Structure formats: structure tokens, C-alpha cells
Amino acid sequence: MKTPKLLLSFLCAGLLSAGASLSAADKPLSVGFSQIGAESGWRTANTDSIKAEAAKRGIDLKFADAQQKQENQIKALRSFIAQGVDVIAFSPVVETGWEPVLKEIKSAGIPVVLSDRAVKVSDPSLFVTFIGSDFVEEGRRAGEWLAKKTGGKAVIAELVGTPGSAPAIDRKKGFEEVLAKNPGMKIVKSQSGNFTRAEGKQVMEAFLKSPDAKQITALFAHNDDMALGAIQAIEEAGLKPGKDIIIVSIDGVKGAFEAMAAGKLNCTVECNPQIGPQLFDLIAKVAAGQKVPARVAVQEGVFDETQAAAELPNRKY
Ligand code: GZL
């Protein structure tokens, strides 16, 4: 464990004799957190949970929003090294391209905790642990619900998340596992809406303008924000979302429950953003040099139109 920088500076300045020591407990834990952005209701709820928990624990939180750009995250991670934080945590916007900066962080002796999304690296020692949802399972749950709802017969349009991101790759993988068992279900359109409502709407408009649009009977959106944008596009095209096109998405944000209660969305697979308490429990253990599991899963469920009205008052994000 590194000697706190404040203690080193006092000792060097002779303000403290080597015998005295500023108790590490006097210095709040400093954590650098690089967040992807504010692209969706899920992300803002995730940020709120992280900031609220850090404040509650008196953590010195250095928080950086990357506007969904990897280069901004890498800049933020380097600034955390320069600031000499005790722990670095981040939600990587994509899976690859992190080795160089993670090696710099390792050389600086700062432990790394991955939050929400994982990275693909050749050296697993470049981070200590990863806390996040099982995106493959979320994709499976979406596919299984749609197979049950449609009796295994669906011509599907797919709104994909951010290209190269763990949730986009893994949700697609899980969904397609179900399609492999249901020959009557096939994806005929698939394009990224980058997890945002605006881009989800734009892409769905293009799907609906294509010559073979009439064949589409279902939409799988990798997150609720893109589904909500698509619902607007479907209505503007004179169709009934939730009826003419059955819609299943992922996250479980309040807007999705409101859309289900209005009969415009059929199912949302929960992806819990409120991981602040679990995240800082992990960070505290890592900072204290305690052993932690390499992978910590987040618990979540599935909600459809039959449960929406009753569940809506319970939703916290
Ligand atoms: C999932 C998270 C995804 C959400 C989107 O854990 O990474 O990113 O599903 C968000 O809403 O943009």
C-alpha cells in the first residue's frame, strides 16, 4: 500500500518527525472515477448512485464524464495518476484499447476497479475486480420473453448499443442464443443507435422507410432509451407500438414502465444501475489491500406489460 502523499510531503518538509505520522484514517480515501457519459436514463441513474454513495462515505471523488469518447476516458485516467489517487474506477465505453493506460496505472501502483462494463486485456492483473451485470443473460432473457410472447414467430428489427461495447456485444450474443433455438424468429434489420433515444428514433425511422418494413413484427432494443425513441418513430409512421410491433428492451428505467403502462412497450429486462453501495464496498476492500472476488454480479429481474402499473411506484431510476 502506498504511503499517503500528504504524509510524505509533511515528512519531506520536516513538519513531522519520522516518528510522528498523519494517520491514514485522517485523510479521506481518494477515488478517480471515469464515467462514460450521460447518454441514457440508466447512465444518469448510475452516476447519481456513485456520487451519492461517495458523498455518504466522505470519499474524495474525482469524477470525469467522457461524453461517450474513449479518448476522454484515457485522458481522465492519466489525470488520476497525476493526482495520485488511492484507487481508480471506470466504466469502459468499449472493450478494447485500454492496455497502454492500464499499464501506466499499474506502474503507478494504483489499483483499478471496473464498474458496469468489462475490458478485453491480455494481462488480467491490469485490474483487480469487475462489478457489473451479466449482459449475455440479459440478452437471453429478452429473447426468451419474446419467444414466449410470439410463440417463437417474429421478424425482428434490432437497435444495437454502442459498437464495441460489452453490453452491445453480449446482449446480442445472448439474444441470438435464443434465436438459434427458435427457427421462426429472425433478425432482418440491425443497426446501432448508440444507446441514445435520438439515435434510436433516427434508426427506427430508417427501418420503417425501407421497402421491406412491413415484414417487421418485433423490435429488440439493447436499451430502453433507444426503445423509447423507436416508439416515437413507430407512432409517427402511423403504427401502434406494442401491438403492430412487439417491443422488448433492457434497463428497466422509469420511462420504460410508463411506456408499458401505456401499452407502447411490452417488456424491459432490468439492468440495475444503482451499484454505488456495492462499488464502494469493493473499493474500500481494495484500498485496504483485502482480497476481493475477480467478478461481482449485480442482481436484476424481468418486467413486462402485465406488471408495469403495479411496479411503477417502486421504481427508483
Ligand atoms: C449497462 C450499461 C448500458 C445501459 C445503457 O450496464 O452499460 O449503458 O444499458 C447505457 O442504457 O448507456
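This one's a predicted model, so the numbers in the text were calculated from it and none came from an experiment. (Residues numbered from 1 in each chain as written. Predicted model: local features only at pLDDT ≥ 70, side-chain atom pairs only at ≥ 80, totals over all residues. Heavy atoms only, no water.)

Q: Please clarify how the domain arrangement of the protein should be interpreted in this entry.
A: Much of the literature gives interface size as the accessible area that the parts lose upon coming together. Domain assignment breaks the protein into domain 1 (28-132 + 273-299) and domain 2 (135-271). Inter-centroid distance (C-alpha atoms) of domain 1 to domain 2 is 29 Å. Each side of the interface is counted separately: domain 1 has 12 residues, and domain 2 has 16 residues. In this assembly, domain 1 packs against domain 2 so that about 1000 Å² is buried in total across both faces, 54% of it on carbon and sulfur atoms. Across the contact surface, domain 1 and domain 2 share 0 salt bridges. Our enumeration of links across domain 1 and domain 2 arrives at 4 residue pairs in polar contact (both at pLDDT 80 or more). (Domains from an automatic or database assignment. Contact = heavy atoms within 4.5 Å. Buried area = accessible area lost by both parts, 1.4 Å probe. Salt bridge = Lys/Arg side-chain N within 4 Å of Asp/Glu carboxyl O. Polar contact = N/O pair within 3.5 Å; in protein donor to acceptor, adjacent residues only side chain to side chain.)

Q: When you look at the packing of aromatic side chains in this model, what are you seeing that I'm missing?
A: Centre-to-centre distance and the angle between the planes together describe a pair of aromatic rings. What the rule picks out here adds up to 4 aromatic pairs. Ring centres of Phe 175 and Phe 220 lie 4.0 Å apart, and the angle between their planes is 5°; this geometry places the pair in the stacked category. Taken together, the positions of Phe 175 in helix α6 (residues 166-180) and Phe 220 in strand β8 (residues 218-221) put the pair 45 residues apart, joining distant regions of the chain. Accessibility classification places Phe 175 together with Phe 220 in one group, the buried group. Between the NZ or CZ atom of Lys 51 and the centre of the ring of Phe 63, over which it lies, the distance is 4.4 Å. Over the aromatic face of Phe 303 sits the side chain of Arg 315, whose NZ or CZ is 5.0 Å from the ring centroid. (Phe/Tyr/Trp six-rings, centres within 6.5 Å; stacked < 30°, edge-to-face > 60°. Helix = DSSP H or I, 4+ residues; strand = E, 2+ residues; numbered from the N terminus. Buried < 20%, exposed > 50% of the residue type's maximum accessible area, 1.4 Å probe, protein only. Lys NZ or Arg CZ within 6 Å of the ring centre and 35° of its normal.)

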